Amino acid sequence: MKLSEYQELAARTINKSLIPWEQTMHALHLVAAESGEIHGIFQKHYQGHKFDLNHLMKEAGDLLWGIAELCTSFGWSLEEVAEINILKLTERYPDGFSAEKSEHRKEGDV
């Protein structure tokens, strides 16, 4: 599935009664909440719970949905965001990851 197709299908389940700012805030809270749920899966593993990869994948999907909603709220395509991110990473790490380059970024590199 292409990112644009995913974003379009995910947008079908965005709450249409939200005004744009509320949609953005919903997406922000959802991303934080789903990140917490993913963290909880790992945390419970240290309490003796079975590590459930299927559950982890579903929560990762929920996180992706939140990212898609955030992008949609700003009128961004997931492809555009992904491309900008890869360009940033390629500039930052032209030869692949380097701890040295990670610790000493150029001014303005966010």
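Residues numbered from 1 in each chain as written. Predicted model: local features only at pLDDT ≥ 70, side-chain atom pairs only at ≥ 80, totals over all residues. Heavy atoms only, no water.

**A look at the environment of Ala-33**
Looking at the element boundaries, Ala-33 is found in helix 2 (residues 20-45). Residue Ala-33 is classed as partly exposed on the basis of its relative accessible area, which comes to 40%. Sequence-wise, Ala-33 and Gly-66 are 33 residues apart; in three dimensions their C-alpha atoms are separated by 9.6 Å. (Helix = DSSP H or I, 4+ residues; strand = E, 2+ residues; numbered from the N terminus. Buried < 20%, exposed > 50% of the residue type's maximum accessible area, 1.4 Å probe, protein only.)

**Observations concerning the pattern of salt bridges**
Enumeration according to the criterion identifies one salt bridge in this entry. Arg-92 is paired through a salt bridge with Asp-109; the nearest N and O atoms lie 2.6 Å apart. Residue Arg-92 is located in helix 4 (residues 78-92), and its partner Asp-109 is located in the segment after helix 5 (99-103); the two are separated by 17 residues in the primary sequence. Owing to a relative accessible area of 24%, Asp-109 belongs among the partly exposed residues under this scheme. (Salt bridge = Lys/Arg side-chain N within 4 Å of Asp/Glu carboxyl O.)

**A short note on the side chain of Glu-69**
Within the fold, Glu-69 resides in helix 3 (residues 53-74). The side chain of Glu-69 sits in the buried core without any salt bridge; Lys-16 is the nearest counter-charge, 8.2 Å away. A polar side-chain atom of Glu-69 sits 3.3 Å from the main-chain amide nitrogen of Ala-27. Leaving out residues up to four positions away in the same chain, Glu-69 has contacts with Ile-14, Gln-23, His-26, Ala-27 and Leu-30. (Lys, Arg positive; Asp, Glu negative; His and termini not counted. Polar contact = N/O pair within 3.5 Å; in protein donor to acceptor, adjacent residues only side chain to side chain. Contact = heavy atoms within 4.5 Å.)

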